[in-house]
Amino acid sequence: QVQLVESGGGLVQAGGSLRLSCAASGRTFSSYAMGWFRQAPGKEREFVAAISWSGGSTYYADSVKGRFTISRDNAKNTVYLQMNSLKPEDTAVYYCAARQWTWSVVAVEYDYWGQGTQVTVSS
């Protein structure tokens, strides 16, 4: 069982930055690949970024590549999403998710989810 709690969301102007954190419970955090997804009002949940269990590989959606960076600290049971050059279209609720061993871009393939944190980017 893994419990995930996101934090770090908020209101920021276009061009600004935010760093989201996702704190995980459980002693097996390092065996889970982690993903970030987002869901805007009226839209489906979409993949943002993922990181392998070791942190050795990462993958990004084209829409955020070059602007967002995913990282993890297994000693702290935490995964991060650094978001730079934010755009109004990045406005959404951001969720972190855990999947044992290998990451995926498909939301339903993740085993555990956090409650989400709101990110609002004003123009």
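The structure we're discussing is the one just above.
Counting restarts for each chain, with residues numbered from 1 along the sequence as it is written. At least 70 in pLDDT is required for a residue's local features to be given in this predicted model, at least 80 for side-chain atom pairs to be given and counted, and no such filter applies to totals for whole chains, interfaces and linings, which use all residues. The basis for every side-chain value is the complete set of heavy atoms in the structure, and neither hydrogens nor water enter the calculation.

Trainee: When you look at the overall build of the protein chain in this model, what are you seeing that I'm missing?
Mentor: A count of helical and extended segments in the protein chain gives zero helices and eleven strands. Listed by position from the N terminus, the elements making up the protein chain come as β-β-β-β-β-β-β-β-β-β-β. When we talk radius of gyration, it's over C-alpha atoms, and the globule rule is simply 2.2 Å times the number of residues to the 0.38. Relative to its length of 123 residues, the protein chain is compact, with a C-alpha radius of gyration of 13 Å against a globular reference of 14 Å. Oriented by its inertia axes, the alpha-carbon framework of the protein chain measures out at about 40 × 25 × 25 Å. A 1.4 Å probe rolled over the protein chains alone gives each residue an accessible area, and that area as a share of the maximum for its type sets the label: buried under 20%, exposed over 50%, partly exposed in between. Evaluated residue by residue, the protein chain yields a buried proportion of 45% over its 123 residues. A run of DSSP states H or I qualifies as a helix once it reaches four residues; a run of E qualifies as a strand once it reaches two. Both are numbered from the N-terminal end.

Trainee: Just to check I follow, could you spell out the packing of aromatic side chains for this structure?
Mentor: The description of two aromatic rings rests on the distance between their centres and on the angle between their planes. Only rings of Phe, Tyr and Trp enter the pairing, Trp through its six-membered ring, and a pair is recorded when the two centres are within 6.5 Å. The plane angle decides the type: under 30 degrees is stacked, over 60 is edge-to-face, the rest tilted. Evaluated as defined, the whole model comprises nine aromatic pairs. For the ring pair Phe37 and Tyr110, a centre distance of 5.2 Å and an interplane angle of 80 degrees mean the geometry is edge-to-face. Of this pair, Phe37 sits in strand β4 (residues 32-39) while Tyr110 sits in the loop between β9 (92-100) and β10 (112-113), placing them 73 residues apart in sequence. According to the relative accessible area criterion, Tyr110 is buried, its value standing at 5%. Centre to centre, the rings of Tyr95 and Trp113 are 6.4 Å apart; their planes meet at 80 degrees, and the pair counts as edge-to-face. Taken together, the positions of Tyr95 in strand β9 and Trp113 in strand β10 put the pair 18 residues apart, joining distant regions of the chain. Look at NZ for Lys and CZ for Arg. If either is within 6 Å of the ring centre and within 35 degrees of the ring normal, a charge sits over the ring. Residue placement shows Arg72 over the ring face of Phe29; its charged tip is 4.5 Å from the ring centre.

Trainee: Would you mind going over the sheet that holds strand β7 (residues 68-73) with me for this structure?
Mentor: Hydrogen bonds along the backbone pair up the strands of a sheet, which may run parallel or antiparallel. In spatial order, the strands read β1-β3-β8-β7; together these four strands make up an open sheet with antiparallel pairing. Every interior strand has two partners, whereas the edge strands, β1 (4-7) and β7, have only one. Averaged over neighbouring strand pairs, the angle between their axes works out to 15 degrees when direction is ignored. Both β1 and strand β3 (residues 18-24) contribute to a ladder of four bridges, which runs antiparallel. Paired strands, in this sense, are two strands between which DSSP finds at least two bridges. Inter-axis angles, ranging from 0 to 180 degrees, are taken between N-to-C directions of lines fitted to C-alpha atoms, where helices are fitted over the stretch in contact.

Trainee: What's the story with the side chain of Ser104 in this structure? I'm lost.
Mentor: As for its placement among the helices and strands, Ser104 is situated in the loop between β9 and β10. Side-chain atoms alone can form a polar contact between residues adjacent in sequence; in general such a contact is a pair of N or O atoms within 3.5 Å, and within protein one must be able to donate a hydrogen while the other accepts it. Within polar-contact distance, the side chain of Ser104 engages the side chain of Glu109 at 2.6 Å. Sequence-distant contacts of Ser104, defined by excluding residues within four places in its chain, comprise Phe37, Phe47, Ala50, Arg99, Glu109 and Tyr110. Residue contacts are counted whenever heavy atoms from the two residues lie within 4.5 Å of one another.

Trainee: What is the right way to look at a nonpolar patch on the surface in this model?
Mentor: To count toward a patch, a residue needs a relative accessible area over 30% and no salt bridge; like charges are then connected within 9 Å, while nonpolar side chains (Val, Leu, Ile, Met, Phe, Trp, Tyr) are connected within 5 Å. Here the Shrake-Rupley method, with its probe set to 1.4 Å, supplies the accessible areas, and only the displayed protein chains count as covering residues. When a carboxyl oxygen of Asp or Glu lies within 4 Å of a side-chain nitrogen of Lys or Arg, that pair is called a salt bridge. Where nonpolar side chains cluster on the molecular surface, the patch consists of Tyr59, Val105, Val106 and Val108 and spans about 360 Å² of accessible area. Mapped onto the secondary structure, Val108 falls in the loop between β9 and β10.

Trainee: Looking at this structure, I do not really get the pattern of salt bridges. What am I missing?
Mentor: Where side chains of opposite charge bring their charged atoms close, a pairing between them can arise. For the structure shown, the criterion picks out five salt bridges. As a salt-bridge pair, Asp62 and Lys65 come within 3.1 Å of each other at their nearest N and O atoms. The partner of Arg99 in a salt bridge is Glu109, with the nearest N and O atoms 3.7 Å apart. Within this pair, whereas Arg99 is found in strand β9, its partner Glu109 is found in the loop between β9 and β10, the two being separated by ten residues in sequence.

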